[in-house]
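Architecture at a glance
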Amino acid sequence: PPALSVSQPPPRRRPPPQPLPAAMMKIAFQGVPGAYSELCIFEYFGAVKAKVQPLPCPSFDEAFAALMEKKADFAMLPV
């Protein structure tokens, strides 16, 4: 009988970053400077670190509020 093969799940791919504005981007995250979410900001935006300003927020609600109140351009939150 033929050998059974176990299929591997496809590799996870993150979406490519969207075109960035010329100005500094404020990105809200839950946590303090040095938190994993802040590190993810720099990992995701890579070469444009000079154009990224992390905005630490003490809670998820405050990170969402910063986004809704336009205090931040984006939010980086774990799901």
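Our subject is the structure listed above.
Now for a look at the structure at hand. (Residues numbered from 1 in each chain as written. Predicted model: local features only at pLDDT ≥ 70, side-chain atom pairs only at ≥ 80, totals over all residues. Heavy atoms only, no water.)

Quick look at the pattern of salt bridges
For side chains bearing opposite charge, pairing can occur when the charged atoms are close. Under the convention used in this document: What makes a salt bridge here is a side-chain nitrogen of Lys or Arg within 4 Å of a carboxyl oxygen of Asp or Glu, nothing more.
For the structure shown, the criterion picks out one salt bridge. Across the salt bridge formed by Lys 71 and Glu 69, the nearest N and O atoms sit 3.2 Å from each other.

Focus on the sheet that holds strand β1 (residues 25–30)
Heads up, the rule is: Think of it this way: DSSP has to see at least two bridges between two strands before they count as a pair. A run of H or I in DSSP becomes a helix once it reaches four residues, and a run of E becomes a strand once it reaches two; helices and strands are each numbered from the N terminus. To define axes, lines are fitted to C-alpha atoms, for helices over the stretch in contact only, and angles between the resulting N-to-C directions are given on a 0 to 180 degree scale. Residue contacts are defined here by distance: any two heavy atoms, one from each residue, within 4.5 Å place the two residues in contact.
Strand order in this open sheet of three strands is β2-β1-β3, and the pairing throughout is parallel. The sheet terminates laterally at β2 (52–57) and β3 (74–76), the two strands that pair on one side only. Neighbour-to-neighbour, the strand axes of the sheet open up by a mean angle of 30°, direction not taken into account. Of the strands in this sheet, β1, β2 and β3 are in contact with helix α1 (residues 36–45), which crosses β1 at around 140°. Packed onto the sheet, helix α2 (residues 60–68) meets β1, β2 and β3 and runs at close to 160° relative to β1.

Quick notes on α1
Just so we agree on the cut-off: Buried residues are those whose accessible area, probed at 1.4 Å on protein chains only, stays under 20% of the maximum for their type, while exposed residues exceed 50% and partly exposed ones sit between those limits. Within this analysis, the arc is defined by the directions that extend from the helix axis to the C-beta atoms.
Taken together, the buried positions of α1 are Ser 37, Glu 38, Ile 41, Tyr 44 and Phe 45. Buried residues of α1 fall within an arc of 125° about the axis and therefore sit on the same side. With respect to the buried face of α1, the exposed residues turned more than 90 degrees away are Tyr 36 and Glu 43. Those residues of α1 that are buried lie in contact with β1, β2 and β3. Backbone geometry just after α1 places Gly 46 at a positive phi near 45°.

That is the geometry; function is a separate question.
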